[in-house]
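The chain contents come next:
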Amino acid sequence: MKFATLGGLALVAGLGLAAAPALADRTDTLFTHKSWRVQGVSFDDGSYACLAEVADPGESFTIWIFQDASIRLQFYSEEWDFGEGDTADLEVEIDRRSPWSLTSAELYKQSVLFDLPAADNAGDLVVEVARGKTLHLRSGDGTPVKDYTLAGSSASISKLLDCGDAITSPGNPFK
């Protein structure tokens, strides 16, 4: 699975669903730019993941790529306490583009998790993040929940996809 670049921006194809990762054994920062940090993660079970995260104190938006090329969105806030086992329908809007519906997103403790489906246009959301200025997280009925800056996302998403290419190839990409 390769993550191709189209016009300088990444287009992601062949997405699958991600299983919950094992405990992280090692995390390496691969790139930082503006509010973004791109990291490679080695898990105790021998698997790898890459993440790009934009964070403010107490909250973050993260895009994960796993070894099986699946992609997960994670929204985190210290203000949330969901417990385990619940779901919710959400909307994500980048700038003023058409909103994306995230149906049955998993609510887990202080995070909202959503695995992008393996559809042809699922990578378009990642491209919008790379091109965008602000991500608006809303409830399913459109009520505002959180806004996240996307300043620096183009370079960061490019590095994330480079990392994704490395971990979908055999061997340890962090050595």
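Residues numbered from 1 in each chain as written. Predicted model: local features only at pLDDT ≥ 70, side-chain atom pairs only at ≥ 80, totals over all residues. Heavy atoms only, no water.

> What am I meant to see in the packing of aromatic side chains here?
Aromatic rings in a pair are described by how distant their centres are and how their planes are angled relative to each other. Scanning all chains against the criterion turns up 6 aromatic pairs. Between F61 and F75, the aromatic rings sit 5.0 Å apart at their centres with planes inclined by 25°, giving stacked as the arrangement. Note that F61 is positioned in strand β6 (residues 59-66) and F75 in strand β7 (residues 71-77), a separation of 14 residues in sequence. For F61, a relative accessible area of 1% puts it in the buried group. (Phe/Tyr/Trp six-rings, centres within 6.5 Å; stacked < 30°, edge-to-face > 60°. Helix = DSSP H or I, 4+ residues; strand = E, 2+ residues; numbered from the N terminus. Buried < 20%, exposed > 50% of the residue type's maximum accessible area, 1.4 Å probe, protein only.)

> Sorry if this is basic, but what is going on with the side chain of E53 here?
Mapped onto the secondary structure, E53 falls in strand β5 (residues 48-56). One polar contact links E53 to R37, side chain to side chain, over a distance of 2.4 Å. Among the polar contacts listed, one links the side chain of E53 to the side chain of T62, at a separation of 3.0 Å. Apart from the residues within four sequence positions on either side, E53 is in contact with S35, W36, R37, S60, F61 and T62. (Polar contact = N/O pair within 3.5 Å; in protein donor to acceptor, adjacent residues only side chain to side chain. Contact = heavy atoms within 4.5 Å.)

> Got a minute to help me understand the confidence of the model for the protein in this structure?
Detailed conclusions should not be drawn from predicted coordinates in areas where pLDDT is low. This prediction gives the protein a mean pLDDT of 85; 81% of its residues lie at or above 70. Residue range residues 1-21 is modelled with pLDDT below 50. Its contacts to residues more than four positions away, or to other chains, number 59 contacts. (pLDDT = per-residue confidence, 0-100.)

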